[in-house]
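Structure assessment
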Amino acid sequence: MLHIPCPYCGPRDETEFHYGAEAHIAYPENPQSLDDAQWAKFVFIKANPKGWLAERWVHSAGCRRWFNVWRNTITHEFGPSYKPFTQQPKSPV
Amino acid sequence: MSNANFTFDGKKYTGVSGESLASALLRNGVVHFTNSSYKDRPRGLMGLWVEEPNALVNIDSGPGEPMKASTTIELVDGLVVRSSQGVGDLPDTRDNSRYDKVNRHVDVLVVGAGTAGLTAAKKFAALGKDVIVMDDQPGPGGHARHLGTEISAELLAVLDLANVTYLPRTTVQGLYDQGYLVATERRTDHLDAKVHTEVSRIRTWHIRADHTVLATGAFQRHLVFANNDRPGIMLSHSAATYVTRGANPFKTAVVVTIDNQGYRDALRLHEAGVTVAAVIDIRDAASGPAIAAVNSAGIRVITGKTALDSAASDSGQVCCLTIAKADGTQSETIDADLVAISGGWTPIVHLATFIGIKPTWDPALAAFVVKRDDKLTSTAGMLAGDFGDDNEAAVFFGPQLTAEQAEVAFVDYQRDATVRDFNRAIGAGMRSIEHVKRYTSIGTAHDQGKTSGTTTMGLIGQALGKAPDEIGSLTFRPPYISIPFAALAGRDRGLLSDPIRTTPIHAWHEKAGAPMEDVGQWKRPWFFPKNSENMHAAVLRECAAVREDVGVMDASTLGKIDLQGKDVGEFLDLIYTNMFSTLKVGMSRYGLMCGVDGMVFDDGVTTRISENHWLMTTTTGGAAKVLDWLEEWLQTEWTDLEVFCTSVTEQISTVAIVGPKSRELMSRLAPDLDVSNEAFAFMENKYADVAGVPARIARISFSGELAYEINVPGSFGLHIWEKVMSQGADLNITPYGTESMHVLRAEKGFVIVGQETDGTQTPQDLDMDWIVSKKKEDFIGKRSFARVDTSREGRHQLVGILPDDGSFVIPEGAYLVAGSDEKTPPPVAHIGYVTSSYASAALGRSFALALVANGLARKGEKIAVPMAGRVVTGIITDSVFVDKENARRDG
Amino acid sequence: MMVNLDIAKSPLNGLEVGGLDKAVLIQEVPFTPGFDLRVTPGTPAFAAANTAVGLSLSETVGRVVRNNADCIVDGSSPAAGGVSALALGPDWWYLTGTADIQALLAPVADTHHISLVDVSSQRTKIEVYGPSAKDVLSHYWEQDLREAHFPIDSCSQGLLAKAPVILWHCCADCFIIFPRSSFAKHLWTALSDAAIEYL
């Protein structure tokens, strides 16, 4: 079971969290002005790299905060977690 | 030491309490334990511990357990076992033993209480760390214990330190990412042969360790030669240990070795009184203290040879051993009733491979070892290749065999897999251990390759002229040893397997005899049977009471979220498809939420309590999901909106009184409240004292009938319900459950998110375009309604279905095909499926809701429902069946 | 709100198991007032809320500040007028105690962006006390309970026997659980079952 570092509460078991897919995909400024392809890219297309990915999680059973965290999709290692709208730490290598 | 009486295969024996069952049987002269599972060959004890492949038993006493290695069973008085010929059988009776789970965080977890583990524990304890030492054996000492070597008292003292916890009989079953371990502790099997209900039989430990030391030790390997499976052929380490402890049915031994361990064991056998006829060493020359000691004891040593074949006496036990050079030449035969094999050490790499570590081959030790020392994990002792100073070894797994010999030369005893099977795999071109394993089934039985894994890789290497690590790598998966599922379930059994959520009124429902329906984790009354009514009769009665008199329903399970702040209206306009910012204080509005993909996500009624204070309701199952959703947008997108969300699902208990006589009942419950339609309109909220409790009353209807929802703090929910029942007695007040609620709402064509929807329906698909605002610039999902796929022709749309046979209720989920032509040959394309289907008291017939391709344009068309053995026909209708004019809601 | 206790029911009707003289005592403390406070630190609203409550609310999630005696160890009749504030999130506190919390904060709510919600029925209160209190909890609680990581006056939300709770280490050998009311019976089944080995 993953131990996910909540930036507010510290590392907690995976069961306390829900997953929010790739981080840093902002809701478009004006969705109606996007064509179908642009809109579909926002709605459906998420990165799924082999290796480090900045993801969103929400600490549902804890502080209820959404946050971002680097996770390695191969080794399951966690890198630094960080609050939304804060400087993104560099990808661990 | 006390004696213990036990029964093996129906025969009574006496052994020493606490010794292993295997040891006790050997002490009683039982050498032939059982026969092999596939080839029915006589088999005896091989090993010392969990590596044992042959001597498996089914335990019939106490809680019982199938297929347990007799080497791991501590003898207790009254133990009853049967030998297991490869296949176990579960006891017929329920196991009432207590099983348990504990969570623990620790600085350092040491796996193994042998010399290496204790040394590591001592080091970390001295650094002030919290240490847990887990060991699967009954006492500390590891190999040294078996060798009869005393572990120094100074080293053992580490287990008594305040910051060290020692857990014997505790097997680490799994090691996972980030220092997570699962272990099982056997707590009662060694005490007696009884079922324990107050102390857990097995406790499962879930550990998070900052650092894990793997000091798991090693198993001894066998060698692969013809007839290497006869009773009396044992691993030398185990034979010497049993014999040293007095379990000695043997007279003459031959020791066959590839390393110096064989010499140490020969000496131990010799000292215990067994005549050691010879030590057979494949090496041409070997040196070391053990060899010197054997020489000085006058034991004959034959070098450059190994075991080739064996023969058995009438009892099946080995009687003599043929030895030869590795190529099978220059054979000679030696009489012996014990053949002790030292085929090299196999470090227990299981836990290391669980976390993806690949063991490396050390040719000097003839072993796969794991040398690791990082932040999370380190290895020590034999696992790390520390075999001591006197452990030279040859890389050798077995001699050249003829085709005949190969058929009876066993690689995996449990699978009866031989060199012949193995050769066929190699002959078929397989080179990887993974392929050979699957082709031959080697390593797939009860022991999961504990004895055969390295041997198989060695043999492949020997056949191909490669080193074992060029063949692949050993990969094991949890659990380390087989364990009862009950142990893994731990405390998650019966009532504790999943939380049950109940409302404050639940006790009343139970007392009324209502069967419960599971709605997520909630238990909701399904229907309230009167006398011996079945569900069908109860639901017709309940629905009729609601449409004609007054019913009462416990709606407390609805999710509720308190929203406060000046921007709640603006926020709700973005969340819901319809407009909320214009809602007047004191009013409620039904709303639909979509995901960004435009698909319906949840629904519910939201009330404006005051200018900046709102109360949202969600579906019963959607409460947590919606709260996460609201927080997501507030925290990650629209952070400038002043909105705070608070879950109040259990704070508010909701009792809904529903039906034409609900106005009369409401006026009795709240005499000070003007309940007239003029003073208290549909979708309005009023505050009043109800039976001594301040309440918010909302005129909301999920049935189409005149209805009042009485909302009070949860502690008063039961009180209000009881008052409703007593005040409504002469009005035919009728409690109803979820089934009637479903029928009543379906008669009105109201959807249930999760029943009419599965995450692929837009509001338009549900014929709810009326709830999609055309005025709002944006809301979540809006842009997706214009996507090609969501706006295309042919989408499944919500319609009603009336079966031609009004007494037949179409099963929910049934597929629909067009027309009623029963002669159309299959396959017939389906045009949709039934989402809800009931018998209606109001309609006097059955009806259904369905999602049908282009359904809204097909009203009036015939459909057919192919059922097993028959075809039911019907017609597509509007989805509203009762009170299309909404005349009933005002009473 | 003053409750008429003749007609109110708590989720567990004041159940208890074990005893003060045993390794563990587990008991429901019915009708304990509780409020969810949401306010953003660093704002005038936060300062006003602190002043109104008479505490300096912890901005570190998981810490409790209080001027209250709240559990069996401190005395079962808490000092009048006390408040304990459990920091559940960076802008979220659970307030409990005998003070009239609603009255204290109502003026702030009128003028500032805060949210104060009475959740006295949303949760009930269960005390787990005794030398084995921590052992009983560790059967179901996956978070670190070691004193160094969860010292006195720590609090945390999480899953206890899969039920969402607030757990508060209020003093030596004493833990307070605020479970969601709908889960209270399930939690009672779980805790009383785990207690068997210690009684």
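Cut-offs used in this document
- Residues numbered from 1 in each chain as written.
- Chains lettered and ligands numbered in written order.
- Predicted model: local features only at pLDDT ≥ 70, side-chain atom pairs only at ≥ 80, totals over all residues.
- Helix = DSSP H or I, 4+ residues; strand = E, 2+ residues; numbered from the N terminus.
- Rg over C-alpha atoms; globule rule 2.2 N^0.38 Å.
- Contact = placed C-beta atoms within 7 Å.
- pLDDT = per-residue confidence, 0-100.
- Pairing = 2+ DSSP bridges.
- Buried ≥ 20, exposed ≤ 12 C-beta atoms within 10 Å, placed from the backbone.
- Arc of directions from axis to C-beta.
- Nonpolar A, V, L, I, M, F, W, Y, C, P; charged D, E, K, R; others polar.
- Axes fitted to C-alpha atoms, helices over the stretch in contact; angles between N-to-C directions.

**Remarks on the overall build of chain C**
Secondary structure assignment for chain C yields 4 helices and 11 strands. What you see for chain C is a C-alpha radius of gyration of 17 Å, in line with the 16 Å of a compact globule of 199 residues. Each of the three principal axes of chain C carries a C-alpha extent, and together these read 55 × 45 × 30 Å. Of the contacts made within chain C by residues no fewer than 6 positions apart, 59% connect residues no fewer than 24 positions apart.

**As for the confidence of the model for chain C**
When pLDDT is averaged along chain C, the result is 93, and 94% of the positions lie at 70 or above. What the predictor reports for the complex is a pTM of 0.94 with an ipTM of 0.97.

**Focus: the pairing of strand S38 (residues 685-690) of chain B**
Residues and elements named next belong to chain B. Note: S38 against strand S39 (residues 693-698), 6 bridges, orientation antiparallel. Paired with Asn685 across the two strands is Ala698, which belongs to S39. Where S38 folds back onto S39 in an antiparallel hairpin, the turn is made up of 2 residues, including Ala691, whose phi is positive at roughly 50°.

**So, helix H2 (residues 101-111) of chain C**
Residue and element names in this part refer to chain C. Here H2 has its buried residues at Ile101, Leu105, Val108 and Ala109. Down the axis of H2, the sector holding all buried residues measures 105°, keeping them to one side. For H2, the exposed residues lying more than 90 degrees away from the buried face are Ala103, Ala106, Pro107, Asp110 and Thr111.

**A short note on the interface of chain B and chain C**
Listed as interface residues are 35 residues of chain B and, on the opposing side, 38 residues of chain C. Secondary-structure elements contributing two or more residues to the side of chain B that touches chain C are strand S8 (98-111), strand S32 (559-564), strand S36 (644-647) and helix H19 (717-727) of chain B. Looking at which element gives the most residues to the side of chain B that touches chain C, the answer is S8(B), with 6 residues.

**Points about the interface of chain C and chain A**
At the interface, 11 residues of chain C touch 11 residues of chain A. The biggest single contributor to the side of chain C that touches chain A is strand S9 (residues 154-160) of chain C, with 3 residues. Looking at the side of chain C that touches chain A, its residues break down into 5 nonpolar, 5 polar and 1 charged.

**Quick look at the sheet that holds strand S1 (residues 16-18) of chain C**
Strand pairing in a sheet relies on backbone hydrogen bonds. The paired strands run either parallel or antiparallel. All names here are of chain C. Judged by pairing direction, the sheet is antiparallel, and its 6 strands sit side by side in the order S1-S2-S8-S11-S10-S9 without closing on themselves. The open sheet terminates on both sides in strands that have one partner only, identified here as S1 and S9. Recorded for the sheet is a direction-independent mean angle of 20° between the axes of neighbouring strands. Sheet topology note: the S9/strand S10 (residues 163-171) ladder contains 7 bridges and is antiparallel. Residue pairing across strands places Gln157 opposite Ile166, the latter belonging to S10.

**Considering the pairing of strand S46 (residues 862-867) of chain B**
Side-chain positions along a regular strand alternate between the two faces of the sheet. Residues and elements named next belong to chain B. Here strand S43 (residues 815-818) pairs with S46 via 2 bridges, running antiparallel. Directly across from Val817, in S46, lies its bridge partner Ala864. In this structure, S46 lies alongside strand S47 (residues 870-877), joined through 6 bridges in antiparallel fashion. From the neighbouring strand, Met867 faces S47, where its bridge partner is Arg870. Between S46 and S47, which follow one another and run antiparallel, lie 2 residues, and Gly869 among them has a positive phi close to 80°.

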